[in-house]
Amino acid sequence: MVWDRQTKMEYEWKPDEQGLQQILQLLKESQSPDTTIQRTVQQKLEQLNQYPDFNNYLIFVLTKLKSEDEPTRSLSGLILKNNVKAHFQNFPNGVTDFIKSECLNNIGDSSPLIRATVGILITTIASKGELQNWPDLLPKLCSLLDSEDYNTCEGAFGALQKICEDSAEILDSDVLDRPLNIMIPKFLQFFKHSSPKIRSHAVACVNQFIISRTQALMLHIDSFIENLFALAGDEEAEVRKNVCRALVMLLEVRMDRLLPHMHNIVEYMLQRTQDQDENVALEACEFWLTLAEQPICKDVLVRHLPKLIPVLVNGMKYSDIRPRFHRSRTVAQQHEEDGIEEEDDDDDEIDDDDTISDWNLRKCSAAALDVLANVYRDELLPHILPLLKELLFHHEWVVKESGILVLGAIAEGCMQGMIPYLPELIPHLIQCLSDKKALVRSITCWTLSRYAHWVVSQPPDTYLKPLMTELLKRILDSNKRVQEAACSAFATLEEEACTELVPYLAYILDTLVFAFSKYQHKNLLILYDAIGTLADSVGHHLNKPEYIQMLMPPLIQKWNMLKDEDKDLFPLLECLSSVATALQSGFLPYCEPVYQRCVNLVQKTLAQAMLNNAQPEQYEAPDKDFMIVALDLLSGLAEGLGGNIEQLVARSNILTLMYQCMQDKMPEVRQSSFALLGDLTKACFQHVKPCIADFMPILGTNLNPEFISVCNNATWAIGEISIQMGIEMQPYIPMVLHQLVEIINRPNTPKTLLENTAITIGRLGYVCPQEVAPMLQQFIRPWCTSLRNIRDNEEKDSAFRGICTMISVNPSGVIQDFIFFCDAVASWINPKDDLRDMFCKILHGFKNQVGDENWRRFSDQFPLPLKERLAAFYGV
């Protein structure tokens, strides 16, 4: 293809016949299902992009070549759109002008497909920053709205809707001289247009500007709302859907304007939630979810509950059941399924696994009921219980299934009021776990998990044992969705039951290990989670030779099968991290290959990142999650194996790698490397010590509360290092102390970070009191308030020793806030004897210094429990 530079593009460009045929041939081939052909087409298209006028051919096929079939013309436009996305800045001016004028001249093409394609092309050019360089675009499209020709009006509106969706921000900025001041009133006029498609476009355009509270719309808010009400009963589903969407968004941004009409809006939304068109019903159902987040919800909805609750409950039934045989089962699939299904199972099955994960009316209704249960608590039950009775024991499985979902949805909000009914309901649900319908079995798993907390609070033989027995059977169900639901529910039960599960460990492990051989890919990932959660829940009780023998071989087998590039490593590494921490020395026989691989994963990722930094065109960026999960598993090993990890660390370059990870620009990498630093400091400080001079400045710069978790882990690591370093910590105090004092005094700092900061300040003061004590007055008060609520433990012990040592160095630093210190001391249940003596000494010292009279006045301000406690424990 040759392009003669002299021609005046606008009118005189004509395609070369041979070139045109070549392109048409390509467009035809690219519609072939064969992937090899697809690949060659891709390569040829890339080559054609070298020719400046290739894009002229593409627009020509789209807008001028009416003899071709529509899919081919549309495809030509879509390829052009991709070129615009990738190379627009390199288009010659002539080509750009030709494309723009062709778009505007053909926005009213008689074919809806071609109009839509031209619209997509226009918005793509516009979003490439071309709204500024195409000043006549918006005025032209707006004037085309007034065209007598339906196709032109519809095409222009379609394009405007896409531009509003893609470029909302710039439309409302000074860059373009605020075109919305003209566009929005213009759109509002079309709410009353005779064509449903146009009405729908008009509402959709305005809807783009609600959430951002665009000034131009806020000026016309009343007329907008009025026009919306006029469309309330529109016969076109798409219009009703957009009206519902608008009202949901207005609820968030202009509640004040809706309030006077609230009664009518609620009535209207009740109707729409039952709309024949599921998409309209879904948009309307979002209204209840959004309203529940507003403070006024409780008062506004209370009189509508008798109508609303049945509507939501009704929406919770499955609506898309198809007969099973629609899914053609190939031979390959037969092997994947675990044997043949039981004969009476699931003659009707939900159409396809994937459609279920999409947001739909059933899920939205359930979510709305869940949030409303949290708003009204037990006041919701009079409206729900009569319905539940009918549903839960219904002979039709679809109805019964929806009842079980309702019961699960209200669990969190209505738990207190449900307790009297649970002794009857839980056994019924446990029975439903063996229902012949897979969908009943799977939803029952979920609902039971929502009541796990109550189940665990009862004597174990009553409900926990039967529930666990049945859930374990469901983990081995023949249906994949039931396996998934049962495995997730079991993980929740594990979290609630913790060590209550210890007597049943052999039985549980039996099932989980058997599931390894049975599960397909997706469910394996959930199984890893169930095993990891079990390890977290029962801890060292897992460390018995017979349990290790059951659990480790299948885990290691999967570990050996997975390649370093496989993302399925993530959940497996997380699972192994929990297992290693629980098994402690029991993990020793497995630790070497696991340790080595983690170090390799970190090394590989860092190397790839360096290549990518140096030559981004040649080397793609690595997925750093591999490194993060590997660092976390190394932490788990260090925590579980303690001193036993020393040999492995000695023989590897992990500390060099950590030095790089601690400086990574991705916060999650730094977060995990500081956690590992703390764990290695506890496990084998002799290997960490030589690096401290390099590590400390990095730790100091990461005490930045903008990245909460990074800051938290760095703070904790500094505390662990100081305990090991002792007096040698001295030179490093100035690198960290000021930041720590600043953090502990910051308003709105999360609780965990405050506690860790206080502990680390205490530990620094314990090893270097002379350096830290002078600042006592600046942190003593928040220090005391953040540590009074934590349990007695080693960390609290070392921190309080530190504070006592600092008080003896600088007693005047504590005088003004002494009542806070008293309160913090009283929070100890049983301090070690020597720590108790330190407390005694300080309390009596203070009392003696101020004299009895002053002490009495001082201690009269104490709340009674504090006064009694100090008298009983410390005799003051």
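Residues numbered from 1 in each chain as written. Predicted model: local features only at pLDDT ≥ 70, side-chain atom pairs only at ≥ 80, totals over all residues. Heavy atoms only, no water.

Undergrad: Go over the overall build of the protein, please, and point to the residues and values.
TA: Along its length, the protein carries 52 helices and two strands. In terms of overall dimensions, the protein has a C-alpha envelope of 100 × 70 × 65 Å along the principal axes. Here the protein holds 876 residues, and the buried ones make up 56% of them. Taking as baseline every contact in the protein between residues at least 6 positions apart, the subset at least 24 positions apart corresponds to 74%. Only carbon and sulfur atoms are counted for the fraction: they give 51% of the accessible area of the protein, which is about 39300 Å². Computing the positive centroid from 80 side-chain charges and the negative centroid from 118, the protein places the two 2 Å apart. (Helix = DSSP H or I, 4+ residues; strand = E, 2+ residues; numbered from the N terminus. Buried < 20%, exposed > 50% of the residue type's maximum accessible area, 1.4 Å probe, protein only. Contact = heavy atoms within 4.5 Å. Areas by Shrake-Rupley, 256 points an atom, 1.4 Å probe, with all protein chains shown as cover. Lys, Arg positive; Asp, Glu negative; His and termini not counted. Charge placed at Lys NZ, Arg CZ, Asp CG, Glu CD.)

Undergrad: Outline the pattern of salt bridges, supporting the account with residue identities and numerical values.
TA: With the rule as written, the count across this model stands at 39 salt bridges. Salt-bridge contacts for Arg651 lead to Glu592; the nearest nitrogen and oxygen are separated by 3.2 Å. Taken as a pair, Arg651 in the loop between helix H38 (646-650) and helix H39 (654-661) and Glu592 in helix H36 (residues 588-614) lie far apart in primary sequence, 59 residues in all. With relative accessibility at 51%, the residue Arg651 sits in the exposed group. Here Asp834 ties to Arg801 by a salt bridge, and the two come within 2.8 Å at their closest N and O atoms. You can see Asp834 sitting in helix H50 (residues 833-850) and its partner Arg801 sitting in helix H48 (residues 794-809), a full 33 residues away along the chain. Residues participating in the shared-partner salt-bridge network are Asp222, Arg254, Asp256 and Arg257. (Salt bridge = Lys/Arg side-chain N within 4 Å of Asp/Glu carboxyl O.)

Undergrad: Please give an account of the layout of surface pockets that cites residues and values.
TA: Volume-wise, the second largest pocket comes out at about 320 Å³. Every residue lining the second largest pocket is counted, 21 residues in all, and those nearest its centre are Gly158, Gln161, Lys162, Lys197 and His201. For the lining of the second largest pocket, the secondary-structure elements that each account for two or more residues are helix H7 (112-130), helix H9 (150-166), helix H12 (196-207) and helix H15 (237-253). When residues of the lining of the second largest pocket are assigned to their parent elements, the largest contribution, seven residues, is made by H9. (1 Å grid on protein atoms, 1.4 Å probe; cavity = no way out; pocket = protein on both sides within 12 Å on 5 of 7 lines; lining within 4 Å. Points joined across faces, edges and corners; volume = space filled by probe spheres on them.)

Undergrad: Explain empty space enclosed by the protein to me, using residue names and the numbers behind them.
TA: According to the stated counting rule, one finds two cavities of 30 Å³ or more in the structure shown. Reported here for the second largest cavity is a volume of approximately 30 Å³. Around the second largest cavity, the lining residues are Val825, Ala826, Trp828, Arg869, Leu870, Phe873 and Tyr874. Here the lining of the second largest cavity takes four residues from helix H52 (residues 864-874), the largest share from any one element.

Undergrad: Lay out the environment of Lys847 with the relevant residues and their values.
TA: Residue placement: Lys847 occurs in helix H50. As a C-alpha pair, Lys847 and Phe858 span eleven residues in sequence and 9.6 Å in three-dimensional space. Excluding residues that lie within four positions of it along the chain, Lys847 makes contacts with Asp852, Trp855 and Val876.

Undergrad: Describe the environment of Lys389, and please don't skip the residues or the numbers.
TA: Tracing the sequence through the fold places Lys389 in helix H24 (residues 381-392). The exposure class of Lys389 is exposed, given its relative accessible area of 62%. Separated by 14 residues in the primary sequence, Lys389 and Gly403 place their C-alpha atoms 8.5 Å from one another.

Undergrad: Can you explain the confidence of the model for the protein? Please cite residues and give values.
TA: Summarising the model, the protein shows a mean pLDDT of 88, and 94% of its residues fall at 70 or more. Low pLDDT, under 50, characterises residues 322-356; the predicted model gives this stretch 56 contacts beyond four residues in sequence or across chains. (pLDDT = per-residue confidence, 0-100.)

Undergrad: Give a detailed account of unusual backbone geometry, specifying residues and quantitative values.
TA: You will see that Arg213, though not glycine, has its phi angle at about 50°, which is positive. With respect to the helices, strands and loops of the structure, Arg213 is situated in the loop between H12 and helix H13 (215-219).

Undergrad: Requested: an account of the side chain of Asp797, with residues and values cited.
TA: Mapped onto the elements of the fold, Asp797 is located in helix H48. Classification of Asp797 as buried rests on a relative accessible area of 7%. Residues in contact with Asp797, not counting those within four places in the same chain, are Trp828, Lys832 and Leu835.

Undergrad: Describe in detail helix H49 (residues 818-826), supporting the description with residues and values.
TA: Every buried residue of H49 is accounted for by Phe818, Phe821, Cys822, Ala824, Val825 and Ala826. Taken together, the buried residues of H49 touch helix H47 (776-787), H48, H50, helix H51 (852-859) and H52.

Undergrad: Tell me what's going on with a negative patch on the surface, and back it up with residues and numbers.
TA: Negative charge collects at one region of the surface, where Glu495, Glu496, Asp529, Asp536, Glu574 and Asp632 lie side by side. Secondary-structure elements contributing two or more residues to the negative patch are helix H31 (480-497) and helix H33 (521-538). Inspection of the secondary structure assignment puts Asp536 in helix H33. (Patch = residues over 30% accessible without salt bridge, like charges linked within 9 Å, V, L, I, M, F, W, Y side chains within 5 Å.)

Undergrad: Outline the side chain of Lys558, listing residues and values.
TA: Within the element layout of this structure, Lys558 appears in helix H34 (residues 545-561). One buried charge, Lys558, has no salt-bridge partner; the nearest side chain with opposite charge is Asp568, at 9.1 Å. Once residues lying within four places of it in the same chain are set aside, the contact partners of Lys558 are Phe516, Leu524, Tyr528 and Leu572.

Undergrad: With reference to specific residues and values, describe H12.
TA: Two residues of an α-helix separated by three or four positions point the same way, owing to the 3.6 residues in each turn. Under the 1.5 Å per step criterion, the end-to-end length of H12 is 16 Å for twelve residues, consistent within 8% with the ideal 16 Å. The buried fraction of H12 is high, at ten of twelve residues. Three or more residues of H12 are buried, namely Ile198, Arg199, Ser200, His201, Ala202, Val203, Ala204, Cys205, Val206 and Asn207. In this structure, the buried side of H12 is in contact with H9, helix H11 (180-189), H13, helix H14 (221-230) and H15. (Expected span 1.5 Å × (residues − 1).)

Undergrad: Describe the packing of helix H42 (residues 692-701) against helix H43 (residues 708-725), and please don't skip the residues or the numbers.
TA: The N-to-C vectors of H42 and H43 enclose an angle of 145°; their axes lie 11 Å apart at closest approach. As H42 runs across H43, the sense of the crossing is left-handed. Mapping the contact onto sequence places Ile692, Met696 and Leu699 in H42 and Ala714, Ala717, Ile718, Ile721 and Met725 in H43. The residue makeup of the contact of H42 with H43, split by class, is eight nonpolar, no polar and no charged. (Axes fitted to C-alpha atoms, helices over the stretch in contact; angles between N-to-C directions. Left-handed = near helix turned anticlockwise from the far one by under 90°. Nonpolar A, V, L, I, M, F, W, Y, C, P; charged D, E, K, R; others polar.)

Undergrad: Could you give me a rundown of the packing of aromatic side chains, with the residues and numbers involved?
TA: One pass over the structure, following the stated rule, counts 23 aromatic pairs. Their ring planes at 40° and their centres at 6.2 Å tell us that Phe873 and Tyr874 sit as a pair that is tilted. In this structure an aromatic cluster arises from ring pairing among Trp783, Phe800, Trp828, Phe839, Phe873 and Tyr874. Looking at Arg597, its charged tip hangs above the ring of Trp559, at a distance of 4.9 Å from the centre. Lying over the aromatic face of Phe707, Arg670 brings its terminal NZ or CZ to 5.4 Å of the ring centre. (Phe/Tyr/Trp six-rings, centres within 6.5 Å; stacked < 30°, edge-to-face > 60°. Lys NZ or Arg CZ within 6 Å of the ring centre and 35° of its normal.)

Undergrad: Mind laying out the environment of Leu219, listing which residues take part and the relevant values?
TA: Positionally, Leu219 belongs in helix H13. Overall, Leu219 belongs to the exposed group, its relative accessible area being 61%.

Undergrad: Pulling in residues and values, what's your account of the packing of H50 against H52?
TA: It is at 11 Å that the axes of H50 and H52 come closest, and there the two elements cross at 115°. Considered as vectors, H50 and H52 are oriented roughly perpendicular to each other. Of the two possible hands of crossing, H50 and H52 adopt the one that is left-handed. On H52, the residues that touch Arg836, Phe839, Cys840, Leu843 and His844 of H50 are Leu870, Phe873 and Tyr874. (Parallel < 35°, antiparallel > 145°, perpendicular 65-115°, else oblique.)

Undergrad: So what about the state of the cysteines? Which residues, and what values?
TA: Per the stated rule, a full pass over the model turns up zero disulfides. Free of any disulfide, Cys432 has its nearest cysteine sulfur in Cys445, 11 Å distant. With no disulfide of its own, Cys711 lies closest to Cys661 among cysteine sulfurs, the gap being 19 Å. (Disulfide = S-S within 2.5 Å.)

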